[in-house]
Amino acid sequence: MHIALTFNLRQDSACAPSNSPSVAPLAAAEDLYAEWDDFDTIDAVRSALSQCHRVSLVEADHYAFASFQALRPDLVFNMAEGLLGASREAQIPALLDMLGLPYTGSDPLTLGNCLDKRRTKEILSYHRVPTPRFALVESLVDVPARLRYPLIVKPILEGSSKGVTDRALVTNRKELLRQVEWSLKTYRQPVLIEEFLPGREFTVALLGNGESLRILPVVEIDFAALPAGVNPIYSFEAKWIWDTEEQPLDIFACPAPLDPSLHNAIERVCKKAFQVMGCRDWCRIDVRLDASGQPNIIELNPLPGVLPRPEQNSCFPKAARAAGLSYDELILGVADAAIARHHLVKGVSHADCCLL
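Residues numbered from 1 in each chain as written. Predicted model: local features only at pLDDT ≥ 70, side-chain atom pairs only at ≥ 80, totals over all residues. Heavy atoms only, no water.

J.: An account of the packing of aromatic side chains is requested, with residue identities and associated values reported.
T.: In total, this model carries 4 aromatic pairs according to the counting rule given. Between Tyr234 and Phe252, the ring centres sit 5.7 Å apart and the planes meet at 85°, which makes this aromatic pair edge-to-face. A residue pair is termed long-range when its members are at least 10 positions apart, and Tyr234 in the loop between strand E10 (219–221) and helix H7 (236–240) and Phe252 in strand E11 (residues 252–253) qualify at 18 residues. For Phe252, a relative accessible area of 12% gives the class buried. Taking 5.5 Å as the distance between ring centres and 70° as the angle between the ring planes, the aromatic pair formed by Trp282 and Phe316 counts as edge-to-face. (Phe/Tyr/Trp six-rings, centres within 6.5 Å; stacked < 30°, edge-to-face > 60°. Helix = DSSP H or I, 4+ residues; strand = E, 2+ residues; numbered from the N terminus. Buried < 20%, exposed > 50% of the residue type's maximum accessible area, 1.4 Å probe, protein only.)

Below is the structure:
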């Protein structure tokens, strides 16, 4: 099968192409490209897919439409995060829908709703999926007077902990207003104010669809591994600064130590969130326990990161390894889920091709 792998190559990568169209100016954060993939990750996914398929690379730039139109692949493996605006993750899937090309992962509507933390929480709340109480503000005058501290302040349209710094956890109104003002000014988008839940935190990897939907071993985040004196949140600093490939933090437990009832409760709430948000093929879901020990959905990432090396502490591959899946098997498993969903004919089975 001919698969086109589409991606955004991180601009600070030594291998970034010099002929890429320039992005719109954004006087914002130094984390602008944090969600884009480096060359090693793109090459690892290409290598995995190449075990069973013919692979073409398509950068998700201004030339992507013409590239897909010329290639007409059987399937597109979508890793493209986009850059600016509420539709950035939906842009490539919408383009592929217009061309009639099947692709891995969720459709444009789901990607847009999951990127927008406000819409995610509205949909989850409507379907009675537990999620922390929240307020949305677009200016300092919108900040409600009566809120239950502590609170988390987040830009609504970012992932990879962008904007969720160590200072995002606030305990009084002065801290709240300062953080809201910083987030509004830095990211130029509305801000979500969310009640902070005091319990354990997990991230859950889901693979497949329908009756074949599989939950991989749950990952727990151990905040005791963070530097002394910082807040117990998986902040931008925790993800990108304190946890390095050279000195990885011992911050994750996988499989998480869970009693059967809690494990079942986490699985149930994640499966329901996956279904009501319309996710497909794969997704990583962040979960935190409230004061009564009940799992709440924090957010969903239907374009999860897949850094290939264990020391990079990437949670979806970590969960896959705990399930006995190699990195290549994980990537091929995502492709297989999409192939089955689209009723495509592979010509050779995953099991057979891995023997070649």
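J.: I'd like a description of helix H4 (residues 108–115), backed by residues and values.
T.: Counting buried positions along H4 yields 7 of 8 residues, so the element is predominantly enclosed. Buried within H4 we find Pro108, Thr110, Leu111, Gly112, Asn113, Cys114 and Leu115.

J.: Please give an account of the side chain of Ser183 that cites residues and values.
T.: Counting through the fold element by element, Ser183 comes out in helix H6 (residues 173–187). The exposure class of Ser183 is buried, given its relative accessible area of 1%. When sequence neighbours within four positions are dropped, the list of residues in contact with Ser183 reads Lys154, Pro155, Arg188 and Val191. (Contact = heavy atoms within 4.5 Å.)

J.: Now, about the sheet that holds strand E5 (residues 151–155): what can you tell me, with residues and values included?
T.: Taken in spatial order, the 4 strands make up an open sheet running E4-E7-E5-E6, and their pairing is antiparallel. Whereas interior strands pair on both sides, the edge strands pair on one side only; in this sheet they are strand E4 (134–137) and strand E6 (169–170). Taken together, the 5 bridges between E5 and strand E7 (residues 191–195) define a ladder with antiparallel strand orientation. Following the sheet pairing, Lys154 is matched in E7 by Leu192. Taken strand by strand, H6 contacts E4, E5, E6 and E7, and its axis lies near 10° from that of E5. (Pairing = 2+ DSSP bridges. Axes fitted to C-alpha atoms, helices over the stretch in contact; angles between N-to-C directions.)

J.: Break down the nonpolar core for me, with residues and values.
T.: If you look at the biggest cluster of nonpolar residues, it comprises 41 residues, and the most contacted ones within it are Val45, Leu49, Phe77, Val306 and Ile331. Looking at this core, the elements that each hand over two or more residues are strand E1 (2–7), helix H1 (39–50), strand E3 (75–78), strand E8 (201–208), E10, helix H9 (315–322) and helix H10 (327–341). The element that contributes the greatest number of residues to this core is H10, accounting for 8 residues. Built from parts of two domains, this core gets at least three residues from each of domain 1 (2–106) and domain 3 (200–342). In this view, Leu49 contacts Ile3, Val55, Phe77, Ile331, Leu332 and Ala335; residues no more than four positions away in its chain are not counted. Counting residues in hydrophobic clusters, the runner-up holds 25 residues, among them Cys114, Leu124, Ala256 and Leu300. (Core = buried A, V, L, I, M, F, W, Y, C linked by side-chain atoms within 4.5 Å. Domains from an automatic or database assignment.)

J.: Just give me the short version of the environment of Pro317, but keep the residues and values in it.
T.: Counting through the fold element by element, Pro317 comes out in helix H9. Taking relative accessible area as the criterion, Pro317 reaches 3% and is therefore assigned buried. Separated by 11 residues in sequence, Pro317 and Asp328 place their C-alpha atoms 9.7 Å apart. Apart from residues lying up to four places away in sequence, Pro317 is in contact with Gly305, Val306, Leu307, Tyr327 and Leu330.

J.: Summarise the pairing of strand E12 (residues 281–289); cite the residues concerned and give the values.
T.: With 9 of its 9 residues buried, E12 lies for the most part within the structure. Note that E8 and E12 share 8 bridges and pair antiparallel. Directly across from Thr203, in E12, lies its bridge partner Asp286. Across 6 bridges, E12 lies against strand E13 (residues 295–301) in antiparallel orientation. In the strand pairing of E13, Leu289 is matched with Pro295. Hairpin connection from E12 to E13: 5 residues lie between these consecutive antiparallel strands, with Gly293 at a positive phi of about 85°.

J.: I'd like to hear about the sheet that holds E3, residue by residue, with values.
T.: Strand order in this open sheet of 3 strands is E2-E1-E3, and the pairing throughout is parallel. Only two strands of the sheet have a single partner each, and these edge strands are strand E2 (54–59) and E3. Taking the axes of each pair of neighbouring strands and ignoring which way they run, one obtains an average angle of 25° across the sheet. Against the sheet, helix H2 (residues 64–71) makes contact with E1, E2 and E3, and its axis sits at roughly 160° relative to E2, the strand it touches most.

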